[in-house]
Amino acid sequence: MIISAIMTEPCTNDAYPTAIKLALHDYLSDLAKAMEHLKKSYERKAEEFKNVLKMGRTQLQDAVPMTLGREFKTFAVMIGEDIQRVLEARKLILEINLGGTAIGTGINSHPNYPKIVEKKIREVTGHDFVVAEDLIEATQDTGGFVQISGVLKRVAVKLSKVCNDLRLLSSGPRCGLNEINLPKMQPGSSIMPGKVNPVIPEVVNQVCFQVIGSDVTITMACEGGQLQLNVFEPVAAYNLFNSIIMLEKAMHTLADKCIDGITANEKICADFVYNSVGIVTALNPYIGYENSASIAKEAMQTGKPVAELALERGLLSKEQIDEILKPENMLNPHLEAKK
C-alpha cells in the first residue's frame, strides 16, 4: 500500500518486465534442479559401468578403447558445466527497471520509489534484485533475455547430442551397435513385432529442436525493439518460459524413464574392442607406426584380428600382446611402453 501510494501513475513498461524477470529467476532455479537430477542419473551409471570395456569412436569409426563408465561420466560433466552456465545467466536478470515508468525517466513517480520497491522485492523474494542505475537503458535493453536464450540453446544442443549417442549405442539389436539396452517403454512397432524404439531419447530430441527454434524467435524479438521500449518482450518471454518448462520436464523424463534403466551388454562391448582394428594404436609404441599401419590394412582386408597378425609376423609374443591389451594398459595414458 505504501509503495502504491508513492507511485501516482503505475506503468506496464516497468511493471511487466520486472514481473517477467522475477518469474524467470524462479523458473531457472527449477531448471537447474532438474539438470542436477539428470546429472546424478548419469553419475550412477558411470559408477555402475566403470569396468565395462568398450571401443571409443571418432567420426563413427573405431578409435581407441575406453569404458562405458567414462562415456556416462562425460555426459555428467557436460550437463554439470551447463548447470553453471544457467546459474550464471540467471544473475543477469537480477537487475530490474521498476520505477522507470514510461521510458526510464521516472515521470509520475516519487524519487524514493525505486529504492523502496527494491528493498520490498528483496524481502518478498529472498533474492538480490536491484534497480538499475540507468533506468532508460534498462527499460529498452533485453540483453539478459538474449543471454538466457543462448544458454538454453546450449543446454538443448548438448542434451540432444547425448540423446543421439544413446540412440546409436542402443541401435540394433542385431544389426547395430547394441552396446547398451534402453528401458522398453512401448510394446513394439505397429508393423514390426518385437521392435522397440528409443522413444524417450527421441522425444527429448524434439524438445531440444523446439528450444533451438525458440532461440531464433527470442533473438528477433529482442533485436526488433525500437528506441526507448521493446514492444516484443511478450513473445520473447513466452518462448523463454516455454523453453525452460519443456527442458525441465525433459530432464526428469530422460533421467527417470531412460537413464536409470539402462543396462550394458558387456560381452558385445568387449568383443568390439578386441576385434577392432583400432587396438593397433595400443601396439604402436611397441612395433612402430609402419608395422601398425601395415597390420591395420591387412586386418581390414582379411578380417583377421590385429593381435593374431602381430603374432604371425613375430613382432610380439603372445605374452607381450596379452600384457599390452590388458584394459588397464589401454586406458591409462601415463603407462610407459615396454619393449
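Note that the structure is a prediction, hence the values are computed from the model and not measured. Each chain has its residues counted from 1, following the order in which its sequence is written. Residues qualify for local features only when their pLDDT is at least 70, as the model is predicted, and side-chain atom pairs are given and counted only at 80 or more; totals for whole chains, interfaces and linings, by contrast, use all residues. The basis for every side-chain value is the complete set of non-hydrogen atoms in the structure, without hydrogens or water.

### Thoughts on the pairing of strand S2 (residues 61-67)
A regular strand carries its side chains on alternate faces of the sheet.
Right, so step 1: Across five bridges, strand S1 (residues 53-58) lies against S2 in antiparallel orientation. Considered in S2, the bridge of Thr58 is made with Gln61.
Right, so step 2: Between the end of S1 and the start of S2, which pair antiparallel, lie two residues, with Gln59 showing a positive phi angle near 55 degrees. One requirement defines pairing of two strands: DSSP has to find at least two bridges between them. The way it works is that DSSP assigns letters per residue, a run of H or I at least four long becomes a helix, a run of E at least two long becomes a strand, and they are numbered from the N terminus.

### Structural notes on empty space enclosed by the protein
Right, so step 1: Lining residues are those with an atom within 4 Å of a point, where the points come from a 1 Å grid over the protein atoms alone and group into cavities, where a 1.4 Å probe fits but cannot get out, or pockets, open sets with protein on both sides within 12 Å along at least five of seven lines. Grid points are joined across faces, edges and corners, and a volume is the space filled by probe spheres set on the points. The final tally for this structure, using the stated rule, is one cavity of 30 Å³ or more.
Right, so step 2: For the largest cavity, the calculated volume is near 70 Å³.
Right, so step 3: Contributing elements (two or more residues each) for the lining of the largest cavity: helix H3 (68-91) and helix H6 (143-169).
Right, so step 4: Under the scheme applied, nonpolar residues are Ala, Val, Leu, Ile, Met, Phe, Trp, Tyr, Cys and Pro; charged residues are Asp, Glu, Lys and Arg; polar residues are all the others, including Gly. A per-class count over the lining of the largest cavity returns eight nonpolar, no polar and two charged.

### Topic: the packing of helix H2 (residues 12-48) against H6
Right, so step 1: Axis lines are fitted through C-alpha atoms, for helices just across the contact stretch, and the angle between N-to-C directions can take any value from 0 to 180 degrees. Between H2 and H6, whose axes approach to 13 Å, the crossing angle comes to 20 degrees. With respect to H6, the element H2 is oriented roughly parallel. For the element pair H2 and H6, the recorded crossing hand is left-handed. Contact residues: H2 offers Ile20, Lys21, Leu24, Leu28, Leu31, Met35, Leu38 and Tyr42, while H6 offers Phe145, Ile148, Leu152, Val155, Leu159 and Val162. The scheme is simple: roughly parallel for angles under 35 degrees, roughly antiparallel for over 145, roughly perpendicular for 65 to 115, oblique for anything else. Crossings are sorted by hand: turned counterclockwise from the far helix by less than a right angle, the near helix makes the crossing left-handed, and turned clockwise it makes it right-handed. Here, residues are in contact when the closest pair of their heavy atoms is within 4.5 Å.

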